[in-house]
Amino acid sequence: MTDERAVLTRLWWAGVNAVKGEQAVAASLGAAPIPAPTAIAAVGKAAAAMAQPAMERFPGTPTLVVTKYNHAPEMPGAEVIESAHPVPDAESLRAGARLLDFVSSQPSGVHLLLLVSGGASALVEVPTPGLTLDDLISENSRLLAAGLDIAAMNTRRRELSQVKGGGLLGAFRGARVTVLAISDVEGDSLGVIGSGIGLVPEGVGYAHDSRIVGSNANAREAVAKAAEAEGLAVLSSDETLYSDYKEAADTIASGLSGQTGLRIWGGEPTVVLPPDPGEGGRNQALALALAQKVAGRDGVTALVAGTDGSDGPTLAAGGIVDGQTWTTEGAKYLDRADAGTFLEQRDALFTTGPTGTNVMDLALVLQR
């Protein structure tokens, strides 16, 4: 690994570590303690990491964890269900039915602690009457291929669901709900995170408190602090990557100049998929598009990766590229949404495994 790649890897992890589920939940509960809950439910890609400090703080509390396949370690004392992402599967329906029963069957007087992170839109589902699993798979696949932003996709997902958009907590009959959420959406809205699975609907008869405990802004701040500690100038930090990945690449490239230092971007670019896409996700596509923009330039290295450690239906989190990564063959890989294959051939994939958080994506560009 080159020195620049090692530096960017350290900085990326500094951002991710600052918003990991364990740290985010523990810090929130420490800074603003809550009454002891009588039940804990955690859902999302970071569910296991978020549940761990809550279980340690409130030992013996009945706990349900729903997360993505291979995202949960052994968790004695918790009921764990793993299901599919980004497209739901049969386990997603089982998880949805179990979560709804867990919440709705709580007796009066209880306090529910609900821990929410991104990914819940696919991981948990109770479809509206008349919809089948095949319907959900078809519609989610269509949404993912259309190049929509997460807010638009989750608006549609709420229409298909009995537990999204406030449906889950609308079924709660206890005395108090506390919602702690790690945000993977622009604006950090509980109505959008997980398609609103942690949204408290209006008119409920119980006390409630909702907090965002981790966000892209927190991660970017941690990256900046780590960069400054290494003696690097932080030239910019913006959460603006919400356009098509090609436009995002233009935005990043247009911000480069002769100044040396680090530029930080956050957000979640989109990709319109062809009928038969290859291997890769939005971060790998953006990394490859950036490689084209900086082709032949010395001293420019970029890391683009999803903070959850995954990028679309792949095992990689993104890509790490420089002025030597691109070849003319790259264009056809971009056209067929096969950036992952090209980056693998160029030893430019960035792979981390599950990180225990999910605050959208980070794009770091280092100029020497």
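Bear in mind that the values here come from a model prediction, so they are computed numbers and not experimental data. (Residues numbered from 1 in each chain as written. Predicted model: local features only at pLDDT ≥ 70, side-chain atom pairs only at ≥ 80, totals over all residues. Heavy atoms only, no water.)

### Quick notes on the packing of helix α6 (residues 133-145) against helix α7 (residues 150-159)
With their axes 10 Å apart at the nearest point, α6 and α7 run at an angle of 165° to one another. By the angle between their axes, α6 is roughly antiparallel relative to α7. When the axes of α6 and α7 are compared, the crossing they make is right-handed. Residue-level inspection shows Glu139, Asn140, Leu143 and Leu144 of α6 in contact with α7, the latter providing Met153, Arg156 and Arg157. By residue class, the composition of the contact of α6 with α7 is three nonpolar, one polar and three charged. (Axes fitted to C-alpha atoms, helices over the stretch in contact; angles between N-to-C directions. Helix = DSSP H or I, 4+ residues; strand = E, 2+ residues; numbered from the N terminus. Parallel < 35°, antiparallel > 145°, perpendicular 65-115°, else oblique. Left-handed = near helix turned anticlockwise from the far one by under 90°. Contact = heavy atoms within 4.5 Å. Nonpolar A, V, L, I, M, F, W, Y, C, P; charged D, E, K, R; others polar.)

### Focus on the packing of helix α10 (residues 245-254) against helix α11 (residues 282-293)
One can describe the packing of α10 onto α11 by two numbers: an axis separation of 9 Å at closest approach and a directional angle of 45°. As judged from the angle between their axes, α10 and α11 are oblique. Seen from above, α10 lies across α11 with right-handed handedness. Two secondary-structure elements touch here, α10 through Tyr245, Ala248, Ala249, Asp250, Ile252 and Ala253 and α11 through Ala285, Leu286, Ala289, Leu290 and Lys293.

### Quick word on unusual backbone geometry
Here His85 and Pro86 are connected by a cis peptide whose omega angle stands at 10°. Considering the arrangement of structural elements, one finds Pro86 in the loop between β3 (78-83) and α4 (90-104). In this structure, Asn70 is a non-glycine residue whose phi angle is positive, near 65°. Within the secondary structure, Asn70 sits in the loop between β2 (63-68) and β3. Residue Met360 is not a glycine yet carries a positive backbone phi of 70°. On the basis of relative accessible area, Met360 is assigned to the buried category, the value being 1%. (Buried < 20%, exposed > 50% of the residue type's maximum accessible area, 1.4 Å probe, protein only.)

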